[in-house]
Amino acid sequence: MLQGRFKINKFSFVVIFAALYPILPNYFSIGGIYIRNLLAIAIFFLFGLKIKIPKEKNNLYAYVLIWIGVISCIQILHLDVKYALQQLIIWVLCLPVLISTITTKKRFLKMIDVIICASTVVGVFGIIEEITHFNIFSLINLADYTLNYNAPRMGLLRIISFSSHAISYCVYCMFVLAIIFYRLTLKGTKHKLFYVFSYFLICINAFLTLSRSALLCIIASQLILLWKCGHKRFIKRIFLLLLGATILIAGASAVNKDVANAVQIAFYIIFALFNDNAAEYLISIGFTNNANGIGQRFVLYQWVWQAVKDNLLIGMGRTAAFARNYITAAGNRLTKESIEIEWLRTLYRYGILGLLSEILFFIKFLISSFKAQKLKMKNNWEGNLSFASMTFTVILLYIVVLFAVMQNEDAQMLYILLILFIAYVKHDGYGEFT
């Protein structure tokens, strides 16, 4: 946890950046430029004029250059020059500056701690949002943006916090929960009560988003991390308890009609992720038209392909609108205006070139984190879970969840994780952390 005398230096600005960058909302902007991007640009011009390309064995930064370079060139071709320049400064120029400051274990852990502290504050705001239906981040809504709330689900407000959608906030929670889990496993960790409190607070926030696909990925990531920490017996007990609970619920359903109805609705809630008919059933008994999740997104592959096939190489551009009229199974006419699948949205915006560059980066990140698990840690300061192992698990599940959500504010957490991972491999993998 953060402690000790705070000294103003280059790293102090990086710590402040790490705390604010992931949680500043899109609508906190000036002149169409996000304030969080201005922070990154400021850090570059303050400290990055003598920029050095980070030397790392796995060359992950080179794949960042390819990804952002291709995307930025396509944005310029679509006359989106201002946004392209922002992306180049943040991902290409500012990234090495931030990595260069994390040179010791103390600084590495301070970065992690400040992320956890910031997420804890956000978690408290999330509870307030659920209880009062007031979003504290709306106080900095300089762009007069209309907050994108879905209709309540199961009688609960689906909180969005600083993000543009409940599922994006849930993905942010997935990142943070993995980082807190890692911090708790380190040898000699102090203030464990605080980390445990933060962990459960973020768990509650994740649940209150009621974003089924992201919640499933959170559960999967936490089970994998438990397995990696050697808690195989505990996980087996969980599965046995779930099996026992399933048998009991099935028995209760057979003798009690109310229990049977509740079980049926729960089944449809999960099944509606993949099937339009199940979603229509939920809507018919009082759920809103957001009952469907992944199921409606399956047809997006065909719709996006039809929309982009004439501009397949470089796509339609970042600001190009998408609209598709369709008829539901119940005969309702609706218009689809969003592309929830990240990979499809990239194809629509930036074409095959943009999509391939993004896929290439994520594959490289996944392979790099997998290989880094085998690094021999000479300092032996970690516990059963290495940072590389945690990163591999999160990136793997993040790739999966991007089939159900478009990348929004969660990209900021990806950026911070990328910085920490490259610094970790660069120093700790070769025994340089002290």
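Position labels on residues start from 1 in each chain and follow its written sequence. Predicted model: local features are reported for residues with pLDDT of at least 70 only, side-chain atom pairs are reported and counted for 80 or more only, and whole-chain, interface and lining totals are derived from all residues. Computation of side-chain values covers all heavy atoms of the structure but excludes hydrogens and water.

A. Inspection of helix H4 (residues 81-101) at higher detail. Between the first and last C-alpha of H4 there are 30 Å, a value that for 21 residues agrees with the 30 Å anticipated at 1.5 Å per step. Note that the bend at a residue is defined as the angle between axes fitted to the seven residues ending at it and the seven residues starting at it. A run of H or I in DSSP counts as a helix once it spans at least four residues, and a run of E counts as a strand once it spans at least two, with each numbered from the N terminus. At Cys94, H4 shows its maximal kink, close to 45 degrees; a proline, Pro96, follows between one and four residues later. Only protein chains enter the calculation, and the probe is 1.4 Å; a residue is then buried if its accessible area is under 20% of its type maximum, exposed if over 50%, and partly exposed in between. Of all 21 residues in H4, 15 are buried, a share of seventy percent or more. By this rule the span expected of a helix is its residue count minus one, scaled by 1.5 Å.

B. A look at the confidence of the model for the chain. The predictor rates its confidence in each residue with pLDDT, a number between 0 and 100. For the chain, the average pLDDT comes to 82, and 77% of its residues sit at 70 or higher. Contact between two residues is taken to exist if any of their heavy atoms lie within 4.5 Å; hydrogens are not considered. Taken as a whole, residues 291-295 scores under 50 in pLDDT and shows 23 contacts with residues more than four places along the chain or in a different chain.

C. The arrangement of the pattern of salt bridges in detail. Think of a salt bridge as a Lys or Arg side-chain nitrogen and an Asp or Glu carboxyl oxygen that are within 4 Å of each other. Tallying each qualifying case throughout the model produces three salt bridges. Its salt-bridge partner being Asp113, residue Arg183 comes within 2.8 Å of it at the nearest N-O pair. One end of the pair, Arg183, is in helix H6 (residues 166-185); the other, Asp113, is in helix H5 (residues 105-132), with 70 residues separating them in the sequence. On the basis of relative accessibility, which here comes to 4%, the residue Asp113 falls in the buried class. Across the pair Glu342 and Arg345 runs a salt bridge whose closest N-O atoms are separated by 3.3 Å. Highlighted residues: Glu342 and Arg345, both in helix H14 (residues 342-372), separated by three residues, approximately one helical turn. Neither Glu342 nor Arg345 differs from the other in exposure class; each is buried.

D. Inspection of unusual backbone geometry at higher detail. The residue Ser161 is not glycine, and still its phi comes out positive at about 55 degrees. For Ser161, a relative accessible area of 1% corresponds to the buried category. Residue His191 is not a glycine yet carries a positive backbone phi of 60 degrees. Its place among the elements puts His191 in the loop between H6 and helix H7 (192-209).

E. Inspection of the nonpolar core at higher detail. By convention a nonpolar core is built from buried Ala, Val, Leu, Ile, Met, Phe, Trp, Tyr and Cys residues, the set being connected through side-chain atoms within 4.5 Å. Counting residues in each nonpolar core, the largest one holds 122 residues, and the members touching the most others are Phe108, Phe387, Met390, Leu414 and Tyr415. The leading source of residues in this core is H6, at 16 residues.

F. View of the packing of aromatic side chains. Two aromatic rings from Phe, Tyr or Trp, using only the six-membered ring of Trp, form a pair when their centres are within 6.5 Å; if the ring planes differ by under 30 degrees the pair is stacked, by over 60 it is edge-to-face, and anything between is tilted. Across all of its chains, the model carries 29 aromatic pairs by this definition. For the ring pair Trp91 and Tyr415, a centre distance of 4.9 Å and an interplane angle of 80 degrees mean the geometry is edge-to-face. With a gap of 324 residues between them, Trp91 in helix H4 and Tyr415 in helix H16 (residues 410-427) connect regions that are remote in the sequence. An identical accessibility class is assigned to Trp91 and Tyr415; each is buried. Criterion for a charge above a ring: Arg CZ or Lys NZ at most 6 Å from the ring centre, at most 35 degrees from the ring normal. Against the face of Tyr83 rests Arg318, its NZ or CZ located 3.8 Å from the ring centre.

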